[in-house]
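These are the residues of each chain, in order.
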Amino acid sequence: MKRKILNALLKIMGVLSLGLLLAHCGGSKEALSISEQERQAFESTEGDTVRIANEETEYEIIIIDPGFYTWLKSIARPEGYYSQSFLENRNILMVMEWNRRVLQPAQFNPNLYELQINYENNIDYGYEVNYKLYNYFIYFQRKYNQRLGPFLPRI
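Quick notes on the rules
- Throughout, a residue's number is its position along its own chain's written sequence, starting from 1.
- Totals for whole chains, interfaces and linings use all residues, but because this is a predicted model, local features are given only for residues with pLDDT of at least 70 and pairs of side-chain atoms are given and counted only at 80 or more.
- Heavy atoms from the whole structure form the basis of all side-chain values; hydrogens and water molecules are not counted.
- Only DSSP runs of H or I with at least four residues qualify as helices, and only runs of E with at least two residues qualify as strands; both kinds are numbered from the N terminus onward.
- Working definition: with a 1.4 Å probe on protein chains only, accessible area under 20% of the residue-type maximum means buried, over 50% means exposed, and in between means partly exposed.
- What makes two residues a contact is simply this: any of their non-hydrogen atoms within 4.5 Å.
- Residue-level accessible areas treat just the shown protein chains as cover; the underlying method is Shrake-Rupley with a 1.4 Å probe.
- What makes a nonpolar core is a set of buried Ala, Val, Leu, Ile, Met, Phe, Trp, Tyr and Cys residues whose side-chain atoms join them at distances within 4.5 Å.
- Polar contacts, as counted here, are pairs of nitrogen or oxygen atoms within 3.5 Å of one another; within protein the pair requires one atom able to donate a hydrogen and one able to accept it, and residues that are adjacent in sequence qualify only if both atoms are side-chain atoms.
- Aromatic contacts are taken between Phe, Tyr and Trp rings whose centres are within 6.5 Å, Trp giving its six-membered ring; a plane angle under 30 degrees counts as stacked, one over 60 as edge-to-face, and the others as tilted.
- Distance and angle both matter: a charge sits over a ring if NZ of Lys or CZ of Arg is within 6 Å of the ring centre and within 35 degrees of the ring normal.
- Helix axes are fitted to C-alpha atoms over the stretch in contact, other axes to C-alpha atoms as well, and angles between N-to-C directions run from 0 to 180 degrees.
- In what follows, roughly perpendicular refers to angles from 65 to 115 degrees, roughly parallel to angles under 35, roughly antiparallel to angles over 145, and oblique to any angle outside these ranges.
- The residue classification treats Ala, Val, Leu, Ile, Met, Phe, Trp, Tyr, Cys and Pro as nonpolar and Asp, Glu, Lys and Arg as charged. All others, Gly included, are polar.
- Crossing handedness is defined as follows: a turn of the near helix away from the far one that is anticlockwise and smaller than a right angle gives a left-handed crossing, while the clockwise case is right-handed.
- Our arc is simply the arc of the directions from the helix axis toward the C-beta atoms.

(A) How the structure looks around the overall build of the protein. Helix and strand content of the protein: five helices and two strands. In the protein, the succession of α and β elements from N to C terminus is α-α-β-β-α-α-α. A burial count over the protein gives 34% of its 155 residues as buried. Across the protein, contacts joining residues at least 24 apart in sequence account for 65% of those joining residues at least 6 apart. Surface exposure of the protein reaches about 10,200 Å², of which carbon and sulfur atoms provide 55%.

And the structure:
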């Protein structure tokens, strides 16, 4: 009797797991809504350079991607919108996926994923670094139609 109940529970768990997997896969196909203003920022050919730095921790990221600065100032949520812990948690996930793609140039476009990002969980990079890095990931995903995590890159 216990064996039948155990088998029934295992079948139910299997069906639920399959259902969750299918629901998760189906949700990742959702299309992004890109405004005309955002599209113009993506198509910009001006050489925006954004320096992301925290002088106290002596860490720096330089982003050279035409349109990012314009997008950051005109499309992205303003500084203070997200908490630092939210930004850190999202950045950890996206950096891990970014670095994984850098190491697989045969599978992922090496022109998009050129260099690894050294982002460590135990270092406080400050709000500005986390804010700009997070927004670059959102910009990057939206512009190049990439997905660096389970979340739809929304603004």
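(B) Looking closely at the nonpolar core. Residues Phe68, Trp71, Trp98, Tyr113 and Phe137 are the most contacted members of the largest nonpolar core, which totals 33 residues. Only helix 2 (36–43), strand 1 (49–54), helix 3 (68–74), helix 4 (84–102) and helix 5 (127–144) provide two or more residues apiece to this core. With nine residues, the top contributor of residues to this core is helix 5. In this structure, Tyr113 is in contact with Trp98, Arg101, Val102, Phe108, Phe140, Gln146 and Leu148, ignoring residues within four places of it in sequence.

(C) Local environment of the side chain of Gln146. Structurally, Gln146 is set in the segment after helix 5. Engagement of the side chain of Gln146 in a polar contact is seen with the side chain of Arg101, the distance being 3.2 Å. One polar contact links the side chain of Gln146 to the main-chain carbonyl oxygen of Tyr144, over a distance of 3.2 Å. When sequence neighbours within four positions are dropped, the list of residues in contact with Gln146 reads Arg101, Leu112, Tyr113, Phe140 and Gln141.

(D) Seen up close, the packing of aromatic side chains. Under the counting rule described, the total for this entry stands at 19 aromatic pairs. Chaining the aromatic ring pairs together yields one cluster made of Phe42, Phe68, Trp71, Trp98, Phe108, Tyr113, Tyr136, Phe137, Tyr139, Phe140 and Tyr144. Of note, Arg90 hangs over the ring of Phe151, and the distance from its end group to the ring centre comes to 3.5 Å.

(E) Representation of the packing of helix 2 against helix 5 within the structure. Remark: helix 2 packs on helix 5, axes separated minimally by 11 Å, with the N-to-C direction vectors making an angle of 90 degrees. Considered as vectors, helix 2 and helix 5 are oriented roughly perpendicular to each other. On helix 5, the residues that touch Glu38, Ala41 and Phe42 of helix 2 are Tyr139, Arg142 and Lys143. Within the contact of helix 2 with helix 5, the residues separate by chemical class into three nonpolar, no polar and three charged.

(F) Here's a closer look at the packing of helix 4 against helix 5. Contact pair helix 4 / helix 5: the axes reach a minimum separation of 9 Å and the direction vectors enclose 50 degrees. Relative to helix 5, the element helix 4 lies oblique. In this structure, helix 4 crosses over helix 5, and the sense of that crossing is left-handed. Between helix 4 and helix 5, the contacting residues are Gln84, Phe86, Leu87, Glu88, Arg90, Asn91, Met94, Val95 and Trp98 on the first element and Tyr127, Asn130, Tyr131, Leu133, Tyr134, Tyr136, Phe137, Phe140 and Gln141 on the second. Across the contact of helix 4 with helix 5, the residue classes tally to twelve nonpolar, four polar and two charged.

(G) Structural detail: helix 2. Glu38, Ala41 and Phe42 are the residues of helix 2 that are buried. For helix 2, the buried positions fall inside an angular range of 100 degrees around the axis, keeping them on one side. In this fold, the buried residues of helix 2 make contact with helix 3 and helix 5.

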